[in-house]
Amino acid sequence: MKLIYTTSKEYYNYKRIILKLETKMREVSNGSHLVTYLVAKMNEKYPNHQLKKFSIQRLMYLFEVKSKKDFDYKLYNYGPYSSMIETFLEVAESLGFIEIMWQPNDSYFVKLKNNNFADGFLEEKEKQIIDEIVESYGKYTDKELFEITTVIYSKKNFAPIK
């Protein structure tokens, strides 16, 4: 076995990088559980409703506003959008929690694939906020959510014209 000697500065740089990676991995894991919990709650409350990926982006934006978390939302053509939420959805799908399906000439839809995801990863406050968002906003169409979240984003991020 070959021993690798590093300076203490190199060691601490490696350690700092590893800690950052571990933090990012926890964040992505938590985020994938958040979006899965949202899909599960929407499925529970509105079992016949087809949930669009855009709707999840918008509902998670409302979660961001209410929870004071930062998912780095930007305003795009279709309202507030976060690449982090997109990553959370992809991870949740790769873990087998959700399924993302394309419907030609329409959109991507998301459905719960596995009820056995571990919502124990989530804090009670996070679950409570998602429950409130599903209760208050889950009934709206994707277009209505677009309008609601775009107005909220605009009010929050742009100064009024004087």
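Preceding block: the structure.
All of the points below concern the structure found in this document. (Residues numbered from 1 in each chain as written. Predicted model: local features only at pLDDT ≥ 70, side-chain atom pairs only at ≥ 80, totals over all residues. Heavy atoms only, no water.)

A few words on helix α3 (residues 83-94). Between its terminal C-alpha atoms α3 stretches 16 Å, which fits the 16 Å expected from twelve residues at 1.5 Å a residue. Looking only at α3, the buried set comprises M84, I85, E86, F88, L89 and A92. The backbone nitrogen of M84 lies 3.1 Å from a side-chain oxygen of the residue at the head of α3, namely S82. Of the residues one or two after α3, G96 is the one with positive phi, at around 85 degrees. (Helix = DSSP H or I, 4+ residues; strand = E, 2+ residues; numbered from the N terminus. Expected span 1.5 Å × (residues − 1). Buried < 20%, exposed > 50% of the residue type's maximum accessible area, 1.4 Å probe, protein only. Polar contact = N/O pair within 3.5 Å; in protein donor to acceptor, adjacent residues only side chain to side chain.)

Tracing the chain through its elements places S32 in helix α1 (residues 8-45). In this view, S32 contacts F88, V91, A92 and L95; residues no more than four positions away in its chain are not counted. (Contact = heavy atoms within 4.5 Å.)

Per the counting criterion, the structure on display carries ten salt bridges. Residue K45 pairs with E135 through a salt bridge whose shortest N-O separation is 3.2 Å. Placement of the pair is K45 in helix α1 and E135 in helix α4 (residues 124-137), with a sequence separation of 90 residues. For K45, a relative accessible area of 39% puts it in the partly exposed group. Its relative accessible area of 46% is what places E135 among the partly exposed residues. Its salt-bridge partner being E147, residue K143 comes within 2.9 Å of it at the nearest N-O pair. Note that K143 and E147 are positioned in helix α5 (residues 142-157) at a spacing of four residues, about one turn of the helix. Residue classification places E147 among the partly exposed residues on the basis of a relative accessible area of 39%. (Salt bridge = Lys/Arg side-chain N within 4 Å of Asp/Glu carboxyl O.)

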